[in-house]
Structures are given as structure tokens and as C-alpha cells.
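Descriptive analysis of the structure
Residue-level listing of the chains:
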Amino acid sequence: MADEALFQFLHNEVIQYVNSAESGDTENGRCVSKLENMGFRVGQGLVERFTKDTARFKDELDVMKFICKDFWTCVFKKQIDNLRTNHQGIYVLQDNKFRLLNQLSAGKQYLDHAPKYLAFTCGLVRGGLSNLGVKSIVTAEVSVMPACKFQVMIQKM
Amino acid sequence: MYVIICMHCFCPQNYPLYIRSVPSQSELKFHYTVHTSLDVVEEKISTVGKAMAEQRELYLGLLYPTEDYKVYGYVTNSKVKFVIVVDSSNTSLRDNEIRSMFRKLHNSFTDVMCNPFYNPGDPIQSKAFDSMVSAMMVQSS
């Protein structure tokens, strides 16, 4: 249990730090992209470690399943609740109880703070996918607090 | 006595991340062989459909044997390629040993990759990786 808390505390502090470093009045776009880039590098490293003993992936869907199951379990201690795709390069990953949002009040009060708390994870997914040879754009959206959706747009080369 | 004559590591775009070989007259020839064998690697990982089950292992096995040496390959899930050249006369070397050598390489590479000071795609300059390869090359069997 302790290690779960550690990651969460560290993540909160990183957000605090990045937010205060990008001083005050500028909109939090730069803060979000900084967090996203951090996540990207971490994702690359993590995936390298997690896929050490797995067989080669068959296709894109196989890679996405890996992200939803193994990767998510390792990082967030639960699987993605729902994975949907249009089979044309768009995947929607839905987490009904996202761990990094779980401690935030469930109402609408902190809704505008949510992007900061999702940026790192977006980067994590993008970095992981890119290391597995899938170039993508990852965006997140929240409608009701602990639940969130990550949209992954695969970029065909 | 050297077990491994030449060891290369390539990034997904096929430029070398790490090159190491036993200093000898024909060093250039080995580099040439290794680069040629990349085609075989490419071929092996792009086969889709039939015989999928055995193709999905990270270890690719013998890429091609020549008279004096054998070339073995390994591809990680992130498409980083390892190629090793060993002496053909060394018959005591089994497939399993080669496999475990690659595993060791892969483990070391993962450590390099998780080093925050390393930029993915840059040549590997890690001392730990270096010494691991050195130890592996001279391992007497």
C-alpha cells in the first residue's frame, strides 16, 4: 500500500513544483506540456522494463491491450475499465476511478484543475506507445470527477 | 579466448547505438556482416500470419551462418536490435547460452534506458553496459 501513496505524493509535488516554476499569470498550457514531456520519458523507460519478458506484439490492438492491462495495473493498480476503438486509429481508454483524481473532491469544484493531473499520464501513455513503435497523440477529458477518458489518436506514417 | 567476436546494438531506425568488437584485421568485415544481417532481422520481424507462435519470441536465433562465424540476432519490443557474431569453431556454445547472453544484454540495456541522463536514441556510453559487454566477450566456456 505504501508504494501507491508514494507515487501519488510525488506526482502531486511534481505538479506543485512545475506549477510554481511556471510563475503565476501565464496560462497553464506550458505547465501541462512540461508535465506531459516528463511523462513521455518515464513512459519510455517503464515500457522498456515491462516488456522485457513479454512476447512480441502482433499488432496495434495488441499493444493497446498491453497498455490497458499490464501497464495500467503496474502504474495504477487497476486495469482500464473500458477500451473502445473505431478500428481506424482512434482508441478511447476509460477509467471509472482514476487513481490520480480519486483524492480530489468529486464535485465540479476542481474540474478546471483536472488537466494538470492528467497531463503526466497522457505523456506516460504516449511515451509508452512511442517506444513500442506507435506514434500517437493522447488527450484526456473529464466529465465527472474520478472518471476520465483518454483518447489515443494513432498517427499513421 | 573470445566468445563473442563482435557485438552491435541498433536503434529502431537502424543506426548503431553501440559497437564493440575484438580488435583484429578483419574488423571492418564483421561490421559489414552485421549490417548485412539487419536485412534478415527485418525480414524475420515483419513476417505476419503463418508461424506466428514461434516468431513472437524476442530471440531470433541464428541469422546466417558463414564458414568462420555465426551471426545471432535479438529484437526487443521497442525494436532495438542486438546482433552478435561468434566464432563457428566454438562448438561448445549452445543456443541456450546465446539466448541467455542476449537476455543479459537486454537487461543491461533496460537499465541504460531507465537512466534519466540517457537520451533515447543516443549512442550508449554507460560504463556499466561497457563492462557487462566486456565480461561477456571474454567469458571462457
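Everything below is about the structure printed above this text.
Note that the structure is a prediction, hence the values are computed from the model and not measured. (Residues numbered from 1 in each chain as written. Chains lettered and ligands numbered in written order. Predicted model: local features only at pLDDT ≥ 70, side-chain atom pairs only at ≥ 80, totals over all residues. Heavy atoms only, no water.)

1. Considerations on the overall build of chain A
- Of regular secondary structure, chain A possesses four helices and four strands.
- Shown N-terminal to C-terminal, the secondary structure of chain A runs as helices and strands in the order α-α-α-β-β-α-β-β.
- Computed over C-alpha atoms, the radius of gyration of chain A comes to 15 Å, within 12% of the 15 Å expected from 2.2 N^0.38 for 157 residues, which places it in the range of a compact globule.
- Seen through its C-alpha atoms, chain A measures out along the principal axes to roughly 45 × 30 × 30 Å.
- For chain A, with 157 residues in total, the buried portion stands at 41%. (Helix = DSSP H or I, 4+ residues; strand = E, 2+ residues; numbered from the N terminus. Rg over C-alpha atoms; globule rule 2.2 N^0.38 Å. Buried < 20%, exposed > 50% of the residue type's maximum accessible area, 1.4 Å probe, protein only.)

2. Quick notes on the pairing of strand S5 (residues 81-87) of chain B
Residue and element names in this part refer to chain B.
- Among the seven residues in S5, six count as buried, and that is most of the element.
- Strand direction decides the pairing type here: strand S4 (residues 69-75) and S5, joined by seven bridges, are antiparallel. Each bridged residue has a counterpart across the sheet, and for Val75 the counterpart in S5 is Lys81.
- With antiparallel pairing between neighbouring strands as the criterion, S4 and S5 make up a hairpin whose turn holds five residues, including Lys79 at a positive phi of roughly 65 degrees. (Pairing = 2+ DSSP bridges.)

3. Let's talk about the interface of chain A and chain B
- Listed per partner, the contact involves 16 residues of chain A and 22 residues of chain B.
- At the boundary of chain A with chain B, total buried surface from both sides reaches about 1800 Å², with 45% on carbon and sulfur atoms.
- When residues of chain A are sorted by the area they lose upon contact with chain B, Glu48, Lys52 and Arg56 of chain A head the list and together hold 45% of the total.
- For Arg49 of chain A, the salt bridge is made with Asp111 of chain B, and the minimal N-O distance between the two is 2.4 Å.
- There are eleven residue pairs in polar contact (both at pLDDT 80 or more) connecting chain A and chain B.
- Across the side of chain A that touches chain B, the residue classes tally to three nonpolar, five polar and eight charged. (Contact = heavy atoms within 4.5 Å. Buried area = accessible area lost by both parts, 1.4 Å probe. Salt bridge = Lys/Arg side-chain N within 4 Å of Asp/Glu carboxyl O. Polar contact = N/O pair within 3.5 Å; in protein donor to acceptor, adjacent residues only side chain to side chain. Nonpolar A, V, L, I, M, F, W, Y, C, P; charged D, E, K, R; others polar.)

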